[in-house]
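# Architecture and fold: a report
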Amino acid sequence: MQPILEIRNLCMDFGGLRAIDTLDLHIGQGEIVALIGPNGAGKTTVFNCLTGIYKPSGGEMLARSPKTGEARRLNGLKPNQVTENGLARTFQNIRLFGSMTVLENIMIGRHCRTSAGISGAIVRNRATREEEKRIVQDSYDVLKKIGLARYVNEYAKNLPYGAQRRLEIARAMATDPFLLLLDEPAAGMNPQETDELNELIIGIREEAGITIFLIEHDMKLVMSLSDRIYVVDYGKKIAEGRPEEIKRNPAVIKAYLGEEVDA
Amino acid sequence: MTLGEIKKSLLAAAWFMFLTFPIMVIKVNTIQKTVEWHWERLLYVAVGGFVFSFLWRYFLRRKQGGRRPAAPVETDEPEAVPAFQRLIHDRRFAMPALVVLGLFVLVFPYLFSMYQVNIMTTALIYVVTGLGLNVVVGVAGLLHLGYAAFYAVGAYTYALLNLHFGVSFWLALPIGAALGSVFAVILGFPVLRLRGDYLAIVTLGFGEIIRLVLENWNDFSYGPSGIANIPRPKFFWFDFSLEQSAVFIYFLMLAMVLLTVFVTNRLKDSRIGRAWIALREDEVACQAMGIDIARTKLSAFVMGSAWAGMAGVVFAAKTTFINPASFTLWESIVILCIVVLGGMGSILGVILGALVLILLPEYLRAFSEYRMLIFGVVLVVMMVFRPGGILSEVRRTYLFKEGLSKDGSLS
Amino acid sequence: MEYFIELFFSGLTRGSIYALIALGYTMVYGIIQLINFAHGEIYMIGAFTALIVTGVLTYYGWPHLAIILIAAVLAIFYSAAYGWTMERIAYKPLRDAPRLSALISAIGASLFLQNYVLLAQTSDFLPFPSLISDFAFLDPVSNLFGTTDFLIYTTTGVVMALLTFLIKFTRVGKAMRATAQDRHMAMLVGIDVNRIISITFIIGSATAAIGGVLIASHVGQINFFIGFIAGIKAFVAAVLGGIGSLPGAVLGSLVLGWTEAFFTGYVSSDYEDVCAFVILVIILIFRPSGLLGRSGVQKV
Ligand SMILES: Nc1ncnc2c1ncn2[C@@H]1O[C@H](COP(=O)(O)OP(=O)(O)O)[C@@H](O)[C@H]1O
Ligand SMILES: [Mg+2]
């Protein structure tokens, strides 16, 4: 089967710094793939390139929608176009819309799947009203699925930390992606929250059939969740394989030497 | 009020006395070679500096939650909805209040002199421009410092079209709005890609360019002397007396305020409105959630400018005379003050802000000299202590049948 | 050709003065990414302080040279003090607030300072006494530029060299660069970020005051409003050169000065102020990082 995401020879330079160096990577439909590496290895930069926030200095990025089977080059797309194409992400440093309610945060996720414009908003014709109702309902359904329903009308900034991380995932889910990019979703979570996250991610894959590409430092989580793992260091891929293989890989152990393996 | 606090305030007072000494105390005349000393001012500065420093630190502590709780325990101050805000959201109170207010507004022109009516009309024009700018700055978070230029576009549209082609006020109204939008697109298309602070400078520059062009292009705009004898609006073929006309414009403005409130309110509670707010909150996340920020910014910008254009037409019709001096940067900043003081994004707040900032200086003549000085203070103090404005925006809450039955905590 | 040379030098003078203001702008912007709208006001306050000191000392019959020195020193000192105070009041509490808040606060500070001077002094233009007698050694070129022009060129050159040295080679300069790059990281490695920001404001304000004194003696009159338009133009110059870059600020200022001089000389003087804004729009559209700026990617 053809991969739904393919990265070939990706490079990203910041001034003199090469943050990503000829990276190759592919992800198949329904997989959970992890990207790990020490801090500053370039993991987040990979996400930023994929989602159009950075313009890569070189390489190819292709996404293939499992529904249509159509391949689409991601290079040069704007972030919103990437999201429209079915890739949605979360941010390592939480970036919620703090003074909007939890539900409204999700409703923003529905934006790119709906169409009401200014005139519709002013006249509030039937189509707009129905669409608005649908947005609210769909968003609420997403919240329930992610387990945040009891917070619906809270301001996002007032949520506990763990719930904010989940809200980021929920917001991304609301855009109907086929590939979900999670940037350190467990960062700052306590062990119980991390366990719940583990279940949530598996649930997303099993129930919604969404493929997951995640960056994570919590090795226990990575090892238990992932089908495959890529390891990067100084922007270069130093290993790839199944969790057991990665655990034994000498290059990986060396890169992580001195780094806490399960921070 | 500890000794340490007093000491700090005294120190601050001394610093302010020292700082303001040359400019406050000494006035020189370099031609006649005379020097005037105003020592008494030093005393004002001392007292003012002491009080200011004391209050400043008190409020700063309170804002930061105060490590030393000087005030009686006041938890979560910013989160708690103020009593006033609860009142206006309580239907039992809001409905009668609205009725009384409505009646007062309707009989206002018959109770007060024409002078008062004119002032109120001016205030209402500011309400409309404030609400328009609120869409751009308050809701979408785009700092627009050239708003007066779009106001000028509207005013000159009516004045010039009327002068050359006899276009009536009613026809000029939509044309003014349309031209405001066109200018917004022309300016917005290239500059809205810019980061927020560059946008502020570019819009400021654009505003100045428009003003300078109006001032210097005599053949087109009649230069600094402006255009006079602009006709007041007619109502069908009625010919109003001066007084009737003032009342008519008052009601016209009132209708426009209602229209503006209606439209901006609906916009805020819509798909586009949410996108505007998300844009203000976090541009990167907004874009990553699939929102085309270029289009979203442009739509907010155009919306706000259309309103300025329309208000400009009314302004020209009301004053019957316009010249570039009415559309300086300060005009833009006054409108910005209204938005900031009232509460960015809050419609009721902006209305209150406009009334306070425009009516107060009118009625307190003694203090009108200090108007701009106070506006400056308002901007800084509001940003430091209450960035949400006097009435911060309360987000709408959505209700669910399902959610209610399942989860008791939902309201 | 003669006209061209005349315009060239008048542009050079303009540009050098913009540069003195733009240097402070660019430093402050570099370190806290804030357009310090009130920077122009600091420059105006420098000019006013110099005028007042000069007036008082002239009244008491002090010698010219002493007056010039004391006026310049006090102007610099007071501007720095205003800059420091303003930062403490209007910007420091907003360090972690959204950019829009700090920007609005800056506009407020600018509005306040203008009206403070307007109310405490006057709205009229005040003649600024010319104290500097013509340098004899400039006589052969006096048809090209005057003594104040000469002083402006040299001061700008010296100030730029000093600032460059400060930023490149001193401990404070290193700390400034670190703070500019990543404030939180700088804090983590033990830099007192608040102190560094204060120092930046003080230095930037002092530089602006030098500009204020020079232009006041060059133009011969000042009022409360001179800071605003000069500040905006200096900002345009800083952006043109690449904001955050000291040589860029000077280059941008010179380009702007010459553009204005030639435009008003050859085309029309009515639209002098439009020049700057048109340049700004063009540069931001085609090369937002400026002539000498590095094109950075906003970190996400
Ligand atoms: N916008 C940027 N400008 C300059 N350098 C950057 C930028 N974004 C990331 N970098 C650098 O690229 C490297 C990789 O960063 P990142 O992808 O965030 O690492 P991580 O693997 O911890 O997510 C780091 O050295 C970082 O400083
Ligand atoms: Mg990272």
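Rules used in this analysis
Every chain is numbered on its own, with residues counted from 1 as its sequence reads. Written order decides the labels, with chains lettered from A and ligands numbered from 1. Only residues with pLDDT of 70 or above have their local features reported here, since the model is predicted, and side-chain atom pairs are shown and tallied only from 80 upward, although totals for entire chains, interfaces and linings are computed over all residues. Just so you know, side-chain values use all the structure's heavy atoms and leave hydrogens and water out. Under the scheme used here, helices are H or I runs from DSSP no shorter than 4 residues and strands are E runs no shorter than 2 residues, and both carry numbers assigned from the N terminus. In this treatment the radius of gyration is a C-alpha quantity, and the globule benchmark scales as 2.2 Å times the residue count to the 0.38 power. Exposure classes here rest on a 1.4 Å probe applied to the protein chains alone. A residue is buried below 20% of its type maximum, exposed above 50%, and partly exposed in between. Computed with a 1.4 Å probe, the accessible areas rest on the Shrake-Rupley method; for each residue, only the protein chains presented here act as cover. Whether two residues touch is decided by their heavy atoms; if any such pair falls within 4.5 Å, the residues are in contact. Two parts placed together each lose some accessible area under a 1.4 Å probe, and adding up what both lose gives the buried area. In what follows, salt bridge is the name for a side-chain nitrogen of Lys or Arg lying within 4 Å of a carboxyl oxygen of Asp or Glu. For the purposes of these results, a polar contact is taken to be a pair of N or O atoms within 3.5 Å, where, inside protein, one atom must be able to donate a hydrogen and its partner to accept one; residues adjacent in sequence count only when each atom of the pair is a side-chain atom. Strand pairing is assigned whenever DSSP identifies at least 2 bridges connecting the two strands. The axes are straight lines fitted to the C-alpha atoms, using for helices just the contacting stretch, and the angles between their N-to-C directions are given from 0 to 180°. For Na, K and Ca the donor cut-off is 3.2 Å, and for all other metals it is 2.8 Å, counting N, O and S atoms only; because water is absent from this set, sites may look incomplete. As a per-residue measure, pLDDT reflects the predictor's confidence and takes values from 0 up to 100. A patch consists of residues exposed above 30% relative accessible area that lack any salt bridge, with like charges linked at up to 9 Å and nonpolar side chains (Val, Leu, Ile, Met, Phe, Trp, Tyr) linked at up to 5 Å. Nearness is judged by heavy atoms alone; a residue qualifies as near a molecule or strand once a single heavy atom is within 4 Å of it.

We now examine the overall build of chain A. Helix and strand counts for chain A stand at 10 helices and 10 strands. Expected size for 263 residues packed as a compact globule is a radius of gyration near 18 Å; at 19 Å, chain A falls within 12% of this value. Structurally, chain A occupies a C-alpha span of about 65 × 40 × 40 Å along its principal axes. Counting all 263 residues of chain A, 59% fall into the buried class. Carbon and sulfur atoms make up 49% of the accessible area of chain A, which totals about 10,900 Å².

The next point concerns the overall build of chain C. Of regular secondary structure, chain C possesses 11 helices and two strands. From first element to last, N terminus to C terminus, chain C shows the α and β order α-α-α-α-β-α-α-α-α-β-α-α-α. On C-alpha atoms alone, chain C measures out to a radius of gyration of 19 Å, which is about the 19 Å that the 2.2 N^0.38 rule sets for 300 residues. Seen along its three principal axes, the alpha-carbon backbone of chain C occupies a region of about 55 × 45 × 35 Å.

With that out of the way, let us pick up the interface of chain C and chain A. With four residues of chain C in contact, the opposing surface of chain A contributes seven residues. Of the roughly 430 Å² buried at the junction of chain C and chain A (both faces included), carbon and sulfur atoms supply 65%. Where chain C touches chain A, the interface holds zero salt bridges.

Now for the interface of chain C and chain B. Contacts between chain C and chain B engage 61 residues on the former and 63 residues on the latter. At the boundary of chain C with chain B, total buried surface from both sides reaches about 5,600 Å², with 79% on carbon and sulfur atoms. Its largest share of buried area at the contact with chain B, chain C owes to Ile 104, Leu 111 and Leu 119 of chain C, together 11% of the area lost on that side. Where chain C meets chain B, there are zero salt bridges. Remark: the boundary between chain C and chain B carries seven residue pairs in polar contact (both at pLDDT 80 or more). Of all elements in the fold, only α2 (39–59), α3 (64–91), α4 (99–120), α9 (226–241) and α11 (272–286) of chain C reach the threshold of two or more residues within the side of chain C that touches chain B.

Residue and element names in this part refer to chain A. With respect to the element layout, Thr 194 can be found in helix α7 (residues 191–208). Its relative accessible area of 8% is what places Thr 194 among the buried residues. Excluding its chain neighbours within four sequence positions, the residues that come into contact with Thr 194 are Ala 186, Met 189, Asp 218 and Leu 221.

Residue and element names in this part refer to chain A. Spatial ordering of the open sheet is given by β6-β7-β8-β3-β9-β10, a layout of six strands whose pairing is mixed. If you trace the sheet from one side to the other, it starts and ends with β6 (87–89) and β10 (236–241), each paired once. On average, each strand axis in the sheet is inclined to that of its neighbour by 20 degrees, with strand direction left out of account. Taken together, the four bridges between strand β3 (residues 32–36) and strand β9 (residues 228–233) define a ladder with parallel strand orientation. Directly across from Ile 36, in β9, lies its bridge partner Val 231. Strand contacts of helix α1 (residues 43–50): β3, β6, β7 (179–183), β8 (211–215) and β9, with the helix running at about 140 degrees to β8, the strand carrying the most contacts. On the sheet, α7 packs against β3, β7 and β8 and is oriented at approximately 150 degrees with respect to β8.

With that settled, the discussion passes to the coordination of the magnesium ion (ligand 2). All names here are of chain A. Thr 44 (OG1) and Gln 92 (OE1) make up the full set of protein donors to the magnesium ion (ligand 2), lying at 2.0 to 2.2 Å. In this pair, Thr 44 is assigned in helix α1 and Gln 92 in the loop between β6 and α3 (102–110), connecting sequence segments 48 residues apart. Take Thr 44: its relative accessible area is 16%, and that puts it in the buried class.

To continue, consider the confidence of the model for chain C. Residues and elements named next belong to chain C. Looking at chain C as a whole, its pLDDT mean stands at 88, while 99% of the residues score no less than 70. Ranking the helices and strands of chain C by mean pLDDT puts α3 first, with 93, and α11 last, with 82. Model confidence for the complex is summarised by a pTM of 0.88, with the ipTM given as 0.91.

A cluster of nonpolar residues, Leu 43, Tyr 44, Val 47, Val 51, Leu 55 and Phe 59 of chain B, forms a patch on the protein surface that exposes about 590 Å² of accessible area. When you line up the elements, Val 51 of chain B lands in helix α2 (residues 39–63).

Glancing now at the pairing of β9 of chain A. Residues and elements named next belong to chain A. Most of β9 is tucked away, with six of its six residues classed as buried. The two faces of β9 match: Arg 228, Tyr 230 and Val 232 on one face and Ile 229, Val 231 and Asp 233 on the other face are all buried. Here β9 hands over to β10 after two residues, with Tyr 234 in that stretch at a positive phi of 45 degrees.

This part is about the site of ligand 1. In the neighbourhood of ligand 1, 15 residues make up the surrounding shell, with Gly 40, Gly 42, Lys 43, Thr 44 and Thr 45 of chain A lying closest. Chains contributing residues to the immediate surroundings of ligand 1 are chains A and C. At 2.8 Å, a backbone N or O of Lys 43 of chain A approaches an oxygen atom of ligand 1. Residue Thr 45 of chain A places a side-chain N or O atom 2.5 Å away from an oxygen atom belonging to ligand 1.

All names here are of chain A. Even without glycine at this site, Thr 22 takes up a positive phi of about 35 degrees. Tracing the backbone shows Thr 22 in strand β2 (residues 17–27). Judged by its relative accessible area of 39%, Thr 22 is partly exposed.

What follows covers the sheet that holds strand β4 (residues 58–64) of chain A. Residue and element names in this part refer to chain A. With respect to topology, four strands assemble into an open sheet ordered β2-β1-β4-β5, the strand pairing being antiparallel. Either end of the sheet is taken by a strand with one partner, and the two such strands are β2 and β5 (71–73). When the angles between neighbouring strand axes are averaged without regard to direction, this sheet yields 25 degrees. With seven bridges joining them, strand β1 (residues 5–14) and β2 adopt antiparallel strand pairing. Its bridge partner lying in β2, Ile 7 is registered against Leu 25. Relative to β1, α1 is tilted by about 110 degrees, and along the sheet it contacts β1, β2 and β4.

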